[in-house]
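Given next are the chains, with one letter for each unit.
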Amino acid sequence: MASGARAPVPEDSVRTVSPGRRGERGVSAPTRDSVAVGTPKSVASPVRSVVASPRLVKGKAGREAALRRLQLPPASHAEGRGQGAEEEEEVEEETAEKPQMSVPEGDEEEARPLPPVCLSPMRGMWRDEKVALYCDEVLQGCKAEDADEAMSKYLSEKLKLKDKWLGVWKTNPELFFVKYEEASIPFVGILVEVICKPRQSSSSCFKVTVSVAEPFSSNIANIPRGLVNEILEELEHSVPLLEVYPVEGQDSDNHDIALALEVVRFFYDFLWRDWDDEESCENYTALIEERINLWCDIQDGTIPGPIAQRFKKTLEKYKNKRVELIEYQSNIKEDPSAAEAVECWKKYYEIVMLCGLLKMWEDLRLRVHGPFFPRILRRRKGKRDFGKTITHIVAKVMTTDMVKDLSSDTLLQQHDDLDLALDSCYSGDTVVIFPGEYQAVNLALLTDDIIIKGVGKREEILITSEPSHDSFVVSKADNVKLMHLSLIQQGTVDGIVVVESGHMTLENCVLKCEGTGVCVLTGAALTITDSEITGAQGAGVELYPGSTAILERNEIHHCNNLRTSDNSKSTLGGVNMKVLPAPKLKMTNNHIYNNNGYGVSILQPTEQFFIVAEEAFSKGAASGDKKDDSVLSRVMQNLNLEMNNNKIEANLKGDIRIVTS
């Protein structure tokens, strides 16, 4: 909800202020000066050393600083949206219906809508400008442990421009309400006058003095002004600076202050990691640049939307778990129980796992679809003890017509659920699916050599993914075959089909992607014939180094379907090959068309592979230009790439591109 929106408030939800409750509110957890945020004194030393290993600083001030960094107000950048003027205009149109709440007698002044806050200048910055701002201007080559100090210095200099200004204080609704719906009231906003004090501690803990400004304005139409004044008195009129957003319509100095605040918010919201100053990093600004590039790839659609959402959720979960651990340890008494020590261990290891996953994503830059670690942990069943195979019929009701073409000695099992059929399979079995709509989480756990085939038109046998799962179809069997099916991807974030190892065959199938397309990992093999692949947000077919693929008589179209206006950020399209070691690809009689990137893109490392391509570029040949057929021919030979009678046309950026990374 933007700053001018008016949220409904239940009458019994407003908190009353009384002297006896002072100090009970606040967004940070209670802390104990006497307890180190590692492990209580009575816990054995191995537990203490392990639990203390995350960046959990000792002392009240340190814990509050850590909590503040983890509990910053929701930053628009994390969701790819700023507090723009366009949003403010929309908001003002929605303010006709004002929420009602009980108001004490004599305090019936209705709050006006909030004015628009300054449009964030960072919203329109190019990635190079962001890199220059953070790496050159703010951090200036500092080490990770000095990042807090650098941010504080930068913010302090900007705050000297003006000591008084108007802003919108956006704070946690828990400060005002006993109960509320987070969806309807994401924050309570109050128009305040801000008085900046000289530089204090770290930028994430900066405090400013505020008072209610005229005219009294809030996103809660009937919030009592007296309640606001009393809460501010409780807080001694001192609130976190990063919770205040300068309003539009003031002078240029205010815009500079607004930019500085956004710079600091974005740093702690997306660029800072709690483990940064614990690990030796020779070039911290280079690490920050990588994270800026990662964020930009998410915003411009280079990384598909569902994948970006998974990364954001992982990062948010990590922050929440950190807060939980800090709060839990802060409340441990002098003599903790064994159960409390165990709970510290559990919470700590959850954080370690999330930390490792985030590092993996950052190091891999998500490529196109995020870090691929093995999804399948289930062991192969192999063949049945008695050596027979079974044909599993998947249909609501089985009739004699369904099995008339099968031999008389065929062993049959009928299932009305595809998941049950797959769960019953051993190597050598066949699953026969009749027209209908199905879902099966076991398609993401294919370990045995089976055949899954539809009977009838492929458009009538629809298998949809389960949106709550990461994977749809994943195989590590030696030989799996899918025939005459339509796979409809809904919400899963891995490739629509992922071949982890072994060989998979897709024959006469329709693959309607929503996230990424077909992914063939290192060492795996794939054969696709007479099939259609469409709608992928990345490439239709993604070949990892050392993989093998045969594509014959397929249609691959409308891929790289990214929801972004900046198409220059991605070259992916029909088929994407990642080189070193080179994958093997044979393409015959395929039609690759209407993709937003290139028909076929080949990604090679700089100055390590195919120098012949670089020689061609130095002579002026465009990287997507096919005029120099001899160069392309030599590259194809080096790649073990065989292309015969393919029709590659009407792709937005060109037909074939050799990309030097």
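Up top you'll find the structure we're talking about.
Residues numbered from 1 in each chain as written. Predicted model: local features only at pLDDT ≥ 70, side-chain atom pairs only at ≥ 80, totals over all residues. Heavy atoms only, no water.

Turning our attention to the pattern of salt bridges. Side-chain pairs of opposite charge can arise where the charged atoms are in close proximity. Per the counting criterion, the structure on display carries 20 salt bridges. Between arginine 380 and aspartate 449 there is a salt bridge; the shortest N-O distance is 3.6 Å. Here aspartate 449 lies in the loop between β9 (436-439) and β10 (451-454) and arginine 380 lies in the loop between α10 (338-364) and β6 (390-394), a separation of 69 residues in the sequence. A relative accessible area of 22% places aspartate 449 in the partly exposed class. The residue glutamate 532 makes a salt bridge to arginine 458 at a minimum N-O spacing of 4.0 Å. Pair noted here: glutamate 532 is in strand β20 (residues 532-534) and arginine 458 is in the loop between β10 and β11 (461-464), with a separation of 74 residues, a long-range link. Each of Lys321, Glu324, Glu343, Lys346, Lys347 and Glu350 takes part in one network of salt bridges that share partners. (Salt bridge = Lys/Arg side-chain N within 4 Å of Asp/Glu carboxyl O. Helix = DSSP H or I, 4+ residues; strand = E, 2+ residues; numbered from the N terminus. Buried < 20%, exposed > 50% of the residue type's maximum accessible area, 1.4 Å probe, protein only.)

A cluster of nonpolar residues, Met398, Leu406 and Leu412, forms a patch on the protein surface that exposes about 220 Å² of accessible area. Note on leucine 406: relative accessible area 32%, which makes it partly exposed. (Patch = residues over 30% accessible without salt bridge, like charges linked within 9 Å, V, L, I, M, F, W, Y side chains within 5 Å. Areas by Shrake-Rupley, 256 points an atom, 1.4 Å probe, with all protein chains shown as cover.)

Bringing the environment of serine 427 into the picture now. Note on placement: serine 427 falls in the loop between α12 (418-423) and β8 (430-433). The exposure class of serine 427 is buried, given its relative accessible area of 6%. Separated by 3.0 Å, the side chains of serine 427 and aspartate 448 make a polar contact. (Polar contact = N/O pair within 3.5 Å; in protein donor to acceptor, adjacent residues only side chain to side chain.)

Glancing now at the nonpolar core. With 74 residues, the main nonpolar core has Phe176 and Phe267 as its most contacted residues. Residue contributions to this core peak at 11 residues, all from helix α7 (residues 252-271). Formed by 55 residues, the second largest nonpolar core is a distinct cluster that contains Val394, Ile461, Val499 and Met587. (Core = buried A, V, L, I, M, F, W, Y, C linked by side-chain atoms within 4.5 Å.)

The next point concerns unusual backbone geometry. Cis geometry is adopted by the peptide bond preceding proline 215, which originates at glutamate 214 and carries an omega value of -10 degrees. Structurally, the position occupied by proline 215 is in the loop between β3 (207-212) and α6 (225-234). A positive phi angle, close to 50 degrees, is found at histidine 558, a residue other than glycine. Position of histidine 558 among the secondary structure elements: in the loop between β23 (555-557) and β24 (575-578). Given the relative accessible area of 41%, histidine 558 is considered partly exposed. Positive phi outside glycine occurs at alanine 650, with the angle close to 55 degrees.

On to the pairing of β10, then. Residues Ile452 and Gly454 point to one face of β10 and are all buried, whereas Ile451 and Lys453, pointing to the other face, are not buried. Here β8 pairs with β10 via 4 bridges, running parallel. Paired with isoleucine 433 across the strands is glycine 454, a residue of β10. Pairing of β10 with strand β13 (residues 479-483), which is carried by 3 bridges, proceeds in the parallel orientation. Of the residues in β13, the one forming a bridge with lysine 453 is methionine 483. (Pairing = 2+ DSSP bridges.)

Moving on, we get to the side chain of aspartate 448. Positionally, aspartate 448 belongs in the loop between β9 and β10. A distance of 2.8 Å separates a polar side-chain atom of aspartate 448 from the backbone nitrogen of glycine 382. Side-chain polar atoms of aspartate 448 contact the side chain of threonine 447, separated by 3.4 Å. Discounting residues that sit within four places of it in the chain, aspartate 448 has contacts with Arg380, Lys381, Gly382, Tyr426, Ser427, Ala477 and Val480. (Contact = heavy atoms within 4.5 Å.)

With 13 residues, helix α5 (residues 147-159) should reach 18 Å at 1.5 Å per residue; the first-to-last C-alpha distance of 18 Å fits that figure. Three or more residues of α5 are buried, namely Ala147, Asp148, Ala150, Met151, Ser152, Tyr154, Leu155, Ser156 and Leu159. (Expected span 1.5 Å × (residues − 1).)

To continue, consider a negative patch on the surface. On the surface, a cluster of negative charge is made up of Asp128, Glu129, Asp136, Glu137 and Glu289. With respect to the element layout, aspartate 128 can be found in helix α4 (residues 127-138). (Lys, Arg positive; Asp, Glu negative; His and termini not counted. Charge placed at Lys NZ, Arg CZ, Asp CG, Glu CD.)

With 12 residues, α4 extends 15 Å between its outermost C-alpha atoms, agreeing within 8% with the 16 Å of an ideal straight helix rising 1.5 Å per residue. Among all positions in α4, only Arg127, Lys130, Val131, Leu133, Tyr134, Cys135 and Val138 are buried. In an axial view of α4, the angular spread of the buried residues amounts to 160 degrees, which keeps them on one side of the axis. Counted as exposed and oriented over 90 degrees from the buried face of α4: Asp128 and Asp136. Contacts made by the buried residues of α4 are with α5, α7 and α8 (284-300). Phi turns positive one or two residues past the end of α4, at glutamine 140, with a value near 50 degrees. (Arc of directions from axis to C-beta.)

Here we take up the sheet that holds β13. Spatially, the 10 strands line up as an open sheet ordered β7-β6-β8-β10-β13-β16-β19-β22-β25-β28, and their pairing is parallel. In this open sheet, the two edge strands, each paired with only one partner strand, are β7 (411-415) and β28 (641-644). Adjacent strand axes in the sheet meet at a mean angle of 10 degrees, parallel and antiparallel pairs treated alike. Bridge count for β6 against β8 is 4 bridges, and the pairing is parallel. When the sheet's bridge partners are listed, valine 394 is paired in β8 with isoleucine 433. (Axes fitted to C-alpha atoms, helices over the stretch in contact; angles between N-to-C directions.)

Next up on the list: the side chain of asparagine 254. For asparagine 254, the position within the fold is in helix α7. Excluding residues within four positions of it along the chain, asparagine 254 makes contact with Lys162, Trp165 and Pro246.

Taken in spatial order, the 5 strands line up as β4-β3-β2-β1-β5 in an open sheet, and their pairing is antiparallel. The two strands at the open ends of the sheet, each matched to only one other strand, are β4 (238-240) and β5 (244-246). Each strand axis lies, on average, 50 degrees off the axis of its neighbour in the sheet, ignoring direction. Here 3 bridges tie β3 to β4, and the two strands are oriented antiparallel to one another. Opposite lysine 207, over in β4, you have proline 240 as the bridge partner. Where α6 meets the sheet, its contacts fall on β1 (164-171), β2 (188-195), β3 and β4, and the angle it forms with β3 comes to roughly 155 degrees.

The next point concerns the packing of α7 against α8. Remark: α7 packs on α8, axes separated minimally by 11 Å, with the N-to-C direction vectors making an angle of 85 degrees. In terms of orientation, α7 and α8 fall into the roughly perpendicular class. Residues Phe266, Phe267, Phe270 and Leu271 of α7 pack against Tyr284, Ile288, Arg291, Ile292, Trp295 and Ile298 of α8. Of the residues assigned to the contact of α7 with α8, the class counts are 9 nonpolar, no polar and 1 charged. (Parallel < 35°, antiparallel > 145°, perpendicular 65-115°, else oblique. Nonpolar A, V, L, I, M, F, W, Y, C, P; charged D, E, K, R; others polar.)

Time to look at the packing of aromatic side chains. Per the stated rule, a full pass over the model turns up 13 aromatic pairs. Centre to centre, the rings of phenylalanine 266 and tryptophan 295 are 4.9 Å apart; their planes meet at 65 degrees, and the pair counts as edge-to-face. Placement of phenylalanine 266 in helix α7 and of tryptophan 295 in helix α8 is noted, with a sequence separation of 29 residues between them. Neither phenylalanine 266 nor tryptophan 295 differs from the other in exposure class; each is buried. Aromatic side chains tyrosine 268 and tryptophan 272 sit 6.4 Å apart centroid to centroid with 65 degrees between the ring planes, which places their arrangement in the edge-to-face category. Considered together, tyrosine 268 and tryptophan 272 belong to a single accessibility category, that of buried residues. Members of the aromatic cluster, joined through ring pairs, are Tyr134, Phe266, Phe267, Tyr268, Phe270, Trp272, Trp295 and Phe311. The aromatic ring of tyrosine 328 is capped on one face by lysine 347, whose charged end is 5.5 Å from the ring centroid. (Phe/Tyr/Trp six-rings, centres within 6.5 Å; stacked < 30°, edge-to-face > 60°. Lys NZ or Arg CZ within 6 Å of the ring centre and 35° of its normal.)

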